[in-house]
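Structural overview for review
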Amino acid sequence: VITSALSESLERASVAAARKVFVDGFMATADGYRMIVPKVPLAELYDGLAAWLQARDVQIRNGHPIRSLLGTREGVTHIRLADDATEPIDAAILAVPWDQAAGLLSDELRAALPQVVAAGQLSSAPITAVHLWFDRKLSEQRHVVVIDRLTQWVFRRDHATPEAKSDEHYYQAVISASRFLEGRPREEIVAEVVRDLGEIWPAAREAKLLRSRVVTQHDAVFSPLPGSSALRPTQATAIPNLFLAGDWTATGWPATMESAVRSGYLAANGLLQGSGGGEPIAIPEITPAWIARWRGWKG
């Protein structure tokens, strides 16, 4: 659980980050264990969100890389595009990875935001995904957690991507904190994952592997090492109309979807309050169950 949730090995992970997952994620409420797994490709979710936003007069501009934000300590004023053109802005939420944020600030803004520069010192942790296409279904289960094997999570993704063919059954195995796989031949990784599946599901022993792919994202998430919290800036910055969003910002959570979502709400909430936009919109913390409210719970 710790390795998957923190994307870090036990000997490296911060105890505080692990405690956050167990105490607030699982133990504070009886249904804290529940997961939400998308049934459609992420691209389909994004397209639906884009259409929803555009129907509400939000302009989305793809293919317009931003070189930097411009402004002073009093506020950001412009964005500089890749072609050196500039456009005025009223405010900005910088929602990029921790190792890219400082590079998108002008020299003056960077000097005013040492905490954003410091965030670039956060270490990264890799995640490996092993994509497997079989000639038959291995199980009716859509996702499983795997214990004491190379494979940590398995997701059944039948026809979940444009690559999937009607006569193929697509599974994705996920291995967090996968730096120990560096230099290991791809064929060995695939073979071990397939053996894992055969030990879990008898049908996998007879299934024919049609094709496979191993993808490692080396800077997938920041590593929650001891002391890393001191490098995580808040969503509000010293620049009044500039906010940060990302799982690496100060949310109390490690590099999880909970952290990413919460950071977005906090950043948007700060921007709205600064512009007189109305009531706070941040989602409140999960209400603890009665036993979790016992005074000794947080001790």
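In this convention, every chain numbers its residues from 1, walking through the sequence in written order. Totals for whole chains, interfaces and linings use every residue, but because this is a predicted model, local features are given only for residues with pLDDT of at least 70 and side-chain atom pairs only at 80 or more, for both listing and counting. The side-chain figures draw on all heavy atoms in the structure; neither hydrogens nor water molecules are used.

This next bit is on the pattern of salt bridges. We define a salt bridge as a side-chain nitrogen of Lys or Arg found within 4 Å of a carboxyl oxygen belonging to Asp or Glu. As enumerated under the stated definition, the model contains twelve salt bridges in all. Ionic pairing is found between Asp24 and Lys20, a salt bridge with its closest N-O pair at 2.6 Å. Residue Asp24 and its partner Lys20 are located together in helix α2 (residues 15–27), separated by four residues, close to a single helical turn. Each member of the pair Asp24 and Lys20 is classed as buried. Ionic pairing is found between Arg110 and Asp107, a salt bridge with its closest N-O pair at 2.9 Å. Here Asp107 and Arg110 lie together in helix α4 (residues 107–112), a separation of three residues that amounts to about one turn. Several salt bridges share partner residues, and in doing so they unite Glu8, Arg12 and Arg179 into one network. By definition, any uninterrupted DSSP run of H or I lasting at least four residues is a helix, any uninterrupted run of E lasting at least two residues is a strand, and each is numbered from the N terminus. Buried residues are those whose accessible area, probed at 1.4 Å on protein chains only, stays under 20% of the maximum for their type, while exposed residues exceed 50% and partly exposed ones sit between those limits.

Nonpolar side chains in soluble globular proteins tend to end up buried together. Residues Leu69, Leu94, Leu105, Val116, Ile239, Leu242 and Trp248 are the most contacted members of the largest nonpolar core, which totals 26 residues. Counting only elements with at least two residues in this core, the list comes to β2 (75–81), β4 (92–94), α4, α5 (114–119), β9 (209–222) and β10 (242–244). The greatest single-element share of this core, amounting to three residues, is contributed by β2. We call two residues in contact whenever any of their non-hydrogen atoms come within 4.5 Å of each other. For Leu105, the residues in contact, after removing those within four places along its chain, are Leu69, Leu94, Arg110, Leu113, Val116 and Leu242. For this analysis, a nonpolar core means a set of buried residues of the types Ala, Val, Leu, Ile, Met, Phe, Trp, Tyr and Cys, connected via side-chain atoms within 4.5 Å. Listed in part, the 19 residues of the second largest apolar core include Val130, Val146, Ile175 and Val193.

Phi at Ser7 takes a positive value of approximately 55°, unusual for a residue other than glycine. Along the chain, the position of Ser7 falls in the loop between α1 (2–6) and α2.

The pocket and cavity definitions rest on a 1 Å grid over protein atoms only: a 1.4 Å probe that fits but cannot leave marks a cavity, an open set with protein on both sides within 12 Å along at least five of seven lines marks a pocket, and residues lining either have an atom within 4 Å of a point. Grid points are joined across faces, edges and corners, and a volume is the space filled by probe spheres set on the points. Of the pockets and cavities examined, the second largest pocket occupies roughly 850 Å³. Lining the second largest pocket are 17 residues, and of these Val58, Gln59, Ile60, Ile93 and Ala95 sit closest to its centre. Where the lining of the second largest pocket is concerned, the elements lending two or more residues are β2 and α8 (257–274). Gly falls in the polar group here, along with every residue not listed as nonpolar (Ala, Val, Leu, Ile, Met, Phe, Trp, Tyr, Cys, Pro) or charged (Asp, Glu, Lys, Arg). Here the residues of the lining of the second largest pocket are counted per class, giving eleven nonpolar, four polar and two charged.

Moving on, we get to the side chain of Ser139. Among the structural elements, Ser139 can be located in the loop between β5 (124–134) and β6 (143–145). Among the residues examined, Ser139 registers a relative accessible area of 12% and is labelled buried. Polar contact is defined as a pair of N or O atoms within 3.5 Å, subject to the rule that within protein one atom must be able to donate a hydrogen and the other to accept it, and that residues adjacent in sequence are counted only when both atoms are side-chain atoms. Within polar-contact distance, the side chain of Ser139 engages the backbone nitrogen of Gln141 at 3.0 Å. Apart from the residues within four sequence positions on either side, Ser139 is in contact with Arg156, Tyr171 and Trp201.

Each strand in a sheet pairs with another by means of backbone hydrogen bonds, the pair being arranged parallel or else antiparallel. Taken in spatial order, the five strands line up as β6-β7-β8-β5-β9 in an open sheet, and their pairing is antiparallel. Edge positions in the sheet fall to β6 and β9, since each of these pairs with one other strand and no more. On average, each strand axis in the sheet is tilted by 15° relative to the strand beside it, whichever way the strands run. For two strands to be treated as a pair, DSSP must find no fewer than two bridges joining them. As paired strands, β6 and strand β7 (residues 153–156) are joined by three bridges and run antiparallel to one another. By the bridge assignment for β7, His143 is matched with Phe155. Only the contacting stretch of a helix is used when fitting its axis, a line to C-alpha atoms as for every element, and angles between N-to-C directions run 0 to 180 degrees. Against the sheet, helix α6 (residues 186–200) touches β5, β7, β8 (169–176) and β9, its axis set at about 70° to β5.

Bridging between strand β1 (residues 66–72) and β2 involves six bridges; their strand directions are antiparallel. Looking across to β2, one finds that Thr72 is bridged to Gly75. Following β1, the chain reverses through two residues before pairing antiparallel with β2. Here β2 pairs with strand β3 (residues 86–88) via three bridges, running antiparallel.

The next thing to look at is the sheet that holds β3. Read across the sheet, three strands follow the order β1-β2-β3 without closing on themselves; strand pairing throughout is antiparallel. Looking along the sheet, the strands with just one partner apiece sit at the ends: β1 and β3. Each neighbouring strand pair of the sheet contributes to a mean axis angle of 30°, computed without reference to strand direction.

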